[in-house]
Amino acid sequence: PVFQGIKHIKQNGNSAVSKVKCEMFPGFSVQPVAIDCGFQLVAAVLLKSVAKLPLLVPVKIDRVAFTGLKQTSEITWAHVTVKSWNKVDFAVADVNIFDNEQNLLVSMTGVTFSAIKSNRVSDNVFYNVAWQNVGSKKQSNFVWNIFQKSSRIIKYIAPKMFTSKQSSRIVIPNALKTSSNPVVLLHTLKTAVLKLLSTGNIKEIIIPTIGCQNVNGIMHKKLPLSASVWGWARCIRKENTNIRIRCVDLDPQATTDICFQNLATELQISDEHDEVAWREGKRYACSLQKADVSVEESGFDPKLVNGKVFVITGGGGALGGVTADWLLQNKAKKVFLLSKSGKCRDGSKSKELLEQYPKKVFLMKCDIGSFEEVKTVFGNIKSDYREIISGIIHAAGVLRDKRFENMTTEDISNVLTPKITGIKNIVDAIDIDTIDTIMLFSSVVGSVGNIGQSNYGAANSFLDSFAHWVTGNNVKCTSIGWGPWEDVGMAANTRGVIEHFRSLGISAVSLES
């Protein structure tokens, strides 16, 4: 999202010029976003001559010349001329970047673009997070520092490792408190990581949690709020590739002694695993693996829909409308659409369904971030409509994309509240024993991360862990980490997002599939 800087484009044949607006980051004579937008402008020219553009990346530049002038404004201008284009997989262009006063900043001639092939995963296939025992052989004698005073950690680890204030490896223990408010927690972690990055010599950060991951069926009894840290870290890794951030989930069933002995051992291990968990004295690492999931297990079993009543959060949005349509096609009795604004978004299927099924589809104004509003609305469904809710589909969500260093507490709260606070309020407000199924609309960002979406990744990684946690409390719950949707939803309006995930091997989800 940070690289979406192009504001206007004017094209004339094989040439084009565009206005670019980008955030200013220290240490650059010309902002990388300005240069990248010049490359994007080449793609805009090529797209005029073909129906579908392959994924092209710059692979060679014949000549780069910086004029010595420094970019001093967010506004720059890009001018490109395409020299050759075979309309398949190869193009050459010249790219020039100017400041807002029309002074040349950098000239790039002979920029060669080539199509790349991704290791694409199969379409319409489920993947699960799998944990495998990877061993715990000590490989290093690193020196670690504890970033924050934490008597329990220091008691068990400090005598062995807390020996140097110049250590380039840091433990941030804030997430060990399982009841921490995730918004406050992420803001604290952001502040800590930025402070560490500013020193310029930090190589590695470990963030320990306790029992927020489902490993061998073992999780903490308390709500896994700290699971949000894992999705946050997955995004930060992509934004800051020069520093390693590792997450370690400690065993909630172990004693304090054993728990922190495991962490002490982890600090002496140097391998490729950035995400590990300790259970019953064994060390596990996670990965995505193809899963054979039946229709019944997926939660979308048409047999469980017929004659049943469903509530959809985010019901006025694109995905809420699509889901409601599917439920009605499979003979759902009634569908209640919850919307914070009490309105349907423009182009949402929900508008059409409200007109088509006036006695089956109902739009209700509800801010699911407020427990009182949730309690009132669910009470009204029971008293006014005399219906017992069978299924809940949690499709609410918003985006506030920024690099993590520019993300405010409000940006974090706006994204986490509908996802995390919303589902917590719903579960607290309903009679859980009457619910057949809960479906959580999560995102692949929570599992693999994405630049500029650390708040979104955090919210969705919580949903994934919450599904395991609530299922362990005898409630059938499924979290689906959707990739980008091709036709509807937040990514559909931003082609660059779809292309980015396609480059990672994650194809867009079509309505038909």
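Parameters and conventions
Residues numbered from 1 in each chain as written. Predicted model: local features only at pLDDT ≥ 70, side-chain atom pairs only at ≥ 80, totals over all residues. Heavy atoms only, no water. Buried < 20%, exposed > 50% of the residue type's maximum accessible area, 1.4 Å probe, protein only. Helix = DSSP H or I, 4+ residues; strand = E, 2+ residues; numbered from the N terminus. Pairing = 2+ DSSP bridges. Salt bridge = Lys/Arg side-chain N within 4 Å of Asp/Glu carboxyl O. Axes fitted to C-alpha atoms, helices over the stretch in contact; angles between N-to-C directions. Left-handed = near helix turned anticlockwise from the far one by under 90°. Contact = heavy atoms within 4.5 Å. Nonpolar A, V, L, I, M, F, W, Y, C, P; charged D, E, K, R; others polar. Core = buried A, V, L, I, M, F, W, Y, C linked by side-chain atoms within 4.5 Å. Lys, Arg positive; Asp, Glu negative; His and termini not counted. Phe/Tyr/Trp six-rings, centres within 6.5 Å; stacked < 30°, edge-to-face > 60°. Parallel < 35°, antiparallel > 145°, perpendicular 65-115°, else oblique.

Let's shift gears to the pairing of strand 12 (residues 275-279). For strand 12, a buried count of five out of five residues is recorded, marking the element as mostly surrounded by other parts of the structure. Neither face of strand 12 is exposed, since Glu 275, Ala 277 and Arg 279 on one face and Val 276 and Trp 278 on the opposite face are all buried. The pairing of strand 11 (residues 244-250) with strand 12 spans three bridges and is classified as parallel. Bridged to Val 248 within strand 12 is Val 276. Bridge analysis of strand 12 against strand 13 (residues 282-291) gives four bridges, and the strand direction is antiparallel. Residue pairing across strands places Trp 278 opposite Arg 283, the latter belonging to strand 13. Once strand 12 ends, the chain turns through two residues before running back antiparallel as strand 13, passing Glu 280 with a positive phi of about 50°.

A full pass over the atoms with the stated rule returns 18 salt bridges. The partner of Lys 83 in a salt bridge is Asp 94, and the shortest N-O contact between them spans 3.6 Å. Taken together, the positions of Lys 83 in strand 4 (residues 75-85) and Asp 94 in strand 5 (residues 90-99) put the pair eleven residues apart, joining distant regions of the chain. With its nearest N and O atoms 3.1 Å apart, the salt bridge here joins Lys 334 to Glu 387. Of this pair, Lys 334 sits in strand 15 (residues 334-339) while Glu 387 sits in the loop between helix 9 (371-383) and strand 17 (391-394), and the two are 53 residues apart along the sequence. The exposure classification of Lys 334 matches that of Glu 387, with both residues buried. Residues participating in the shared-partner salt-bridge network are Glu 204, Arg 246, Glu 266, Asp 271 and Arg 283.

It is worth spelling out the packing of helix 3 (residues 182-197) against helix 10 (residues 409-429) at this point. It is at 9 Å that the axes of helix 3 and helix 10 come closest, and there the two elements cross at 145°. Handedness of the helix 3/helix 10 crossing: right-handed. Facing helix 3, whose interface residues are Pro 182, Val 183, Leu 186 and His 187, helix 10 presents Thr 409, Ile 412, Ser 413, Leu 416 and Ile 420. Split by residue class, the contact of helix 3 with helix 10 holds six nonpolar, three polar and no charged.

This brings us to the nonpolar core. Soluble globular proteins tend to bury their nonpolar side chains together. Residues Ile 205, Trp 232, Phe 378 and Phe 466 are the most contacted members of the largest nonpolar core, which totals 71 residues. Among the elements that line this core, the one with the most residues is helix 12 (residues 454-471), at nine residues. Grouped together as the second largest cluster of nonpolar side chains are 29 residues, Val 20, Cys 37, Leu 46 and Val 80 included.

With that settled, the discussion passes to the side chain of Asp 464. Here Asp 464 shows up in helix 12. One buried charged residue, Asp 464, forms no salt bridge at all, with the nearest opposite charge on Arg 234 at 5.7 Å. When neighbours within four sequence positions are excluded, Asp 464 is seen to be in contact with Ser 442, Ser 447 and Ser 479.

The next thing to look at is the packing of aromatic side chains. The relation between two aromatic rings is expressed through the spacing of the ring centres and the mutual angle of the planes. Taken as a whole and judged by the stated rule, the model has nine aromatic pairs. Centroid distance Trp 232 to Phe 404: 6.2 Å. Interplanar angle 85°. Geometry classified as edge-to-face. With a gap of 172 residues between them, Trp 232 in helix 4 (residues 228-239) and Phe 404 in the loop between strand 17 and helix 10 connect regions that are remote in the sequence. Among the residues examined, Trp 232 registers a relative accessible area of 3% and is labelled buried. Among the aromatic side chains, those forming a connected cluster through ring pairs are Phe 336, Phe 362 and Tyr 385.

Mapped onto the fold, Leu 319 is located in helix 7 (residues 318-329). Each C-alpha atom of the pair Leu 319 and Trp 485 lies 9.0 Å from the other, and the pair is 166 residues apart in sequence.

One can describe the packing of helix 10 onto helix 12 by two numbers: an axis separation of 8 Å at closest approach and a directional angle of 15°. Of the possible angle classes, the one that applies to helix 10 and helix 12 is roughly parallel. Seen along the crossing, helix 10 lies across helix 12 with a hand that is right-handed. Taking contact as the criterion, the partners of Asp 411, Ile 412, Val 415, Leu 416, Lys 419, Ile 420, Ile 423 and Val 427 in helix 10 are, on helix 12, Asn 455, Tyr 456, Ala 458, Ala 459, Asn 460, Phe 462, Leu 463 and Phe 466.

So yeah, pure geometry; function would need other evidence.
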